[in-house]
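Each chain is listed here by its residues.
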Amino acid sequence: MNFLNKLERKIGKYAIPNLSRYLIFGYVLGYIIKFANANLLNFITLNPYLILHGQVWRLVTWIIIPPDNFDLLTLVMLYFYYSVGNDLERTWGTFYYNVYIFMGMIFTVLGSFLIMGLSYWPAFSMNQYITYYGEAGYFSLVALYFSTFYVNMSIFLGFAMTFPEARVLLMFIVPIKVKWLGIAYGVLLLWSMISSDIIGKIVIAASLLNFVVFFLMTRSGIRRMSPREVKRRHDFNKEIRKARPMSVAKHKCAVCGKNSEDNPDAEFRFCSKCNGNYEYCQDHLFTHTHVQ
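Only a predicted model underlies this, so the values are computations on that prediction, with no experimental measurement involved.

A. Local environment of the overall build of the chain. Scanning the chain from terminus to terminus reveals 12 helices and four strands. Counting all 292 residues of the chain, 38% fall into the buried class. Restricting the contact set of the chain to residue pairs at least 6 apart, pairs at least 24 apart contribute 63%. For the chain, the accessible area works out to roughly 18000 Å², and carbon and sulfur atoms hold 64% of it.

In structure tokens:
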């Protein structure tokens, strides 16, 4: 937490607000490319071999590759991830949410290069595929494994960790606590890792490493980020505002009590015929009884 706090003070101003919105916009752009010419997506995948051969834009462009299907379920899931992402950003703060998302992306990129390095290792048993498909062809196939799917799953896991008692409607009908969905997600991911080949294991592990690392780094600050603590701070600030002394109006009519605080457009004048500093609104300036 100390490291992240120091980092936030130095570069926190560069954090991207509403990051979830930009991720969704990226998917929209990806779908536009896909519907215009699906083959163009091959030029923006996370292909470490081609990155090392000069196509450095792939380090970034892979994040806009959208889910394979474009249907109602996909739209619902994207909206869900957008909603929980916004909740996390409001709870953690923009900088911490940025760190969480970009860590997932960076670990995914590092995972792709790890697979590339292991592919040339004899024990990895991929030399035959490299020989058959060629280096460019083989790593083009490997690049299909990488997407933001598991990064999005890490968003939900972060949400489940932060809001374990929150309830959502499963299938829009059954209310269920988020912590149980988080556990189900964890079991599903564990099964996916067990049943996948070595490339799939690395892809899943790299994409979700941000979840593990982030919560280990912020374990002393999880309570600070918890919804209970956020509510406590909100209620405390609310009580502090209530306890502040009421502001004194700058102008107040001596007859009707109208003041400039409640009526900012009203006009007030002092009466030169009254003994003392008596001020009146425009309705009583000429009709009041002078104080002698």
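After presenting the structure, the write-up continues.
B. Focus on the side chain of T45. In this structure, T45 sits in the loop between α2 (19-36) and α3 (48-51). Residue T45 is classed as buried on the basis of its relative accessible area of 8%. Sequence-distant contacts of T45, defined by excluding residues within four places in its chain, comprise R58, W62, I65 and A143.

C. Representation of the packing of helix α9 (residues 178-195) against helix α10 (residues 198-217) within the structure. Here α9 crosses α10 at 145 degrees, and the two axes come no closer than 8 Å. Facing α9, whose interface residues are L189, S192, M193 and I194, α10 presents K201, I204, A205 and L208. Residue composition of the contact of α9 with α10, by class: six nonpolar, one polar and one charged.

D. Spotlight on the environment of F107. Within the secondary structure layout, F107 lies in helix α6 (residues 94-119). Distance in space between the C-alpha atoms of F107 and A205 is 8.9 Å, their sequence separation being 98 residues. Excluding residues that lie within four positions of it along the chain, F107 makes contacts with A206, L209, N210 and V213.

About the cut-offs
Residues numbered from 1 in each chain as written. Predicted model: local features only at pLDDT ≥ 70, side-chain atom pairs only at ≥ 80, totals over all residues. Heavy atoms only, no water. Helix = DSSP H or I, 4+ residues; strand = E, 2+ residues; numbered from the N terminus. Buried < 20%, exposed > 50% of the residue type's maximum accessible area, 1.4 Å probe, protein only. Contact = heavy atoms within 4.5 Å. Areas by Shrake-Rupley, 256 points an atom, 1.4 Å probe, with all protein chains shown as cover. Axes fitted to C-alpha atoms, helices over the stretch in contact; angles between N-to-C directions. Nonpolar A, V, L, I, M, F, W, Y, C, P; charged D, E, K, R; others polar.

Everything listed is a geometric property; what it means functionally is a separate question.
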